[in-house]
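One letter stands for each residue in the lines below.
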Amino acid sequence: MPTKTSSSSSDARARRARGLTSWAIITATALALGATACGSSGGDGPCLPEAPPELDGFADDVLRVAQVQLETRRVYDADGKLTETALVAFTSLDLSTGATSSRLPAPCCGVASCFLLTGEPTPRCPADSGGPCGNATCQADREVCVAGACVPCQSTPLPVEAVTLDGLAAGALQLSALDATQARWGKTDASPPLFGAGPLTVQMTGASATDALPSYTQSIEPPAPLTLLQPDPAASVALGDTDLPLRWTPGNGDWVEARLRGATSASRDAVVCIGRDDGCLTIPVGAIETISLNLQPSDKLKLSLRRVRSRTTALTTAQGSPAATQLRATTMIELQLAQ
């Protein structure tokens, strides 16, 4: 029988969906989707119902955002071979003319903790999109008028002057601009170990452009290393017709995210389940069946588990526009499972 799960209120679900949309705007993925419906009873006992965690995200009225994403990745291939990499990235965007949301979440599998992502990224327009624009008429919910021309509803780069990270295992790091707009910064050859023993701190120097982000400093404690106990990431594991229990060493994450999708590059659908970082989360059999529907029997599934630490801080531009910054640090383990 599938593990029983608790439900959450419609207000809590709405708050979680808003957090998801903001995160998807920056990363074009849905890293955070729902609330957990199972916790840990300790040891090898069953997952028990518990209150859902609150997810960190941007408020709906925030139109200028910056995000730092730091992640260590331990990826096991189909043969159990391990590859370790790291991600260091900074992105700043102006959302006043719209944004590209990743696939919007839909309830999945009969539990409040899991959501289905399907389809392609879709534009998200401001409320005043469409209508007359110079000598043209913009398409409603698809275009917005900018300087007398209809343009697609999508975010635009928001340049900054400099981005520095401190508290990494290698010490302070000055990020490099990755494109001419100076809206994307990072370190393309980052490698583990990434996190140091103390807090992570980002210092951003704002640009002088009109309504640009102001300079800011933001800190967060790094996530503890993630150790997956069940299933064994280095072993060959086959899914059956039952729920998939996940167990790991509990840590300091604000939440954990389990993502299940087909392992092939052509696979577009994913189920994401959110839980507390207490060492126990169950992926319901309905999630496995949902993903397997569009796969061949010989295709494998890809499972990732993330421990997430996230802090969002509100700012105001010199012109008075609401803005916010987000510093998110995660540790991830990924493995492949046979059907």
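The rules behind the values
Residues numbered from 1 in each chain as written. Predicted model: local features only at pLDDT ≥ 70, side-chain atom pairs only at ≥ 80, totals over all residues. Heavy atoms only, no water. Disulfide = S-S within 2.5 Å. Helix = DSSP H or I, 4+ residues; strand = E, 2+ residues; numbered from the N terminus. Buried < 20%, exposed > 50% of the residue type's maximum accessible area, 1.4 Å probe, protein only. Salt bridge = Lys/Arg side-chain N within 4 Å of Asp/Glu carboxyl O. Pairing = 2+ DSSP bridges. Axes fitted to C-alpha atoms, helices over the stretch in contact; angles between N-to-C directions. Core = buried A, V, L, I, M, F, W, Y, C linked by side-chain atoms within 4.5 Å. Contact = heavy atoms within 4.5 Å. pLDDT = per-residue confidence, 0-100.

Draft legend 1. Main features of the state of the cysteines. Scanning all chains against the criterion turns up five disulfides. Each sulfur of the disulfide joining cysteine 114 and cysteine 273 lies 2.0 Å from the other. Between cysteine 114 and cysteine 273, the S-S torsion sits near 105°, and that sign places the bridge as right-handed. Here the residue cysteine 114 occupies a position in strand β5 (residues 111-117), and cysteine 273 occupies one in strand β21 (residues 270-275), the gap between them amounting to 159 residues. With a relative accessible area of 0%, cysteine 114 lands in the buried category.

Draft legend 2. Just the pattern of salt bridges, in detail. This model, assessed by the stated rule, comprises eleven salt bridges. Notably, a salt bridge pairs glutamate 71 with arginine 73, separated by 2.6 Å at the nearest N-O pair. Given the relative accessible area of 0%, glutamate 71 is considered buried. Assessed through its relative accessible area of 27%, arginine 73 is described here as partly exposed. Put simply, aspartate 254 and arginine 311 hold a salt bridge, and the shortest N to O gap is 2.8 Å.

Draft legend 3. Quick look at the sheet that holds strand β12 (residues 160-168). With respect to topology, four strands assemble into an open sheet ordered β13-β12-β16-β17, the strand pairing being antiparallel. The sheet is open, and its two edges are formed by β13 (171-174) and β17 (216-220), each paired on a single side. Between one strand and the next, the sheet's axes are offset by a mean angle of 15°, whatever the strand orientation. Inspection of the sheet shows strand β16 (residues 200-206) paired to β17 by five bridges, in the antiparallel sense. By the bridge assignment, methionine 204 is partnered in β17 with tyrosine 216.

Draft legend 4. Representation of the pairing of β13. For β12 and β13, the ladder comprises three bridges, and the chain directions are antiparallel. Considered in β13, the bridge of leucine 165 is made with leucine 173. Joining the antiparallel neighbours β12 and β13 is a turn of two residues.

Draft legend 5. Expanded view of the nonpolar core. Grouped together as the largest cluster of nonpolar side chains are 29 residues, with contacts concentrated most on Leu246 and Ile283. Mapped onto this core, the elements with two or more residues apiece are β5, β19 (244-248), β20 (255-262), β21, β22 (280-283), α2 (285-292), β23 (300-316) and β24 (322-338). Excluding its chain neighbours within four sequence positions, the residues that come into contact with isoleucine 283 are Asp243, Leu244, Leu246, Ala258, Leu260, Ile288 and Leu303.

Draft legend 6. Summary view of the confidence of the model for the protein. Per-residue confidence for the protein gives a mean pLDDT of 84, with 84% of residues at or over 70. In the model, residues 1-42 has pLDDT below 50 throughout and makes 122 contacts with residues more than four positions away in sequence or in other chains.

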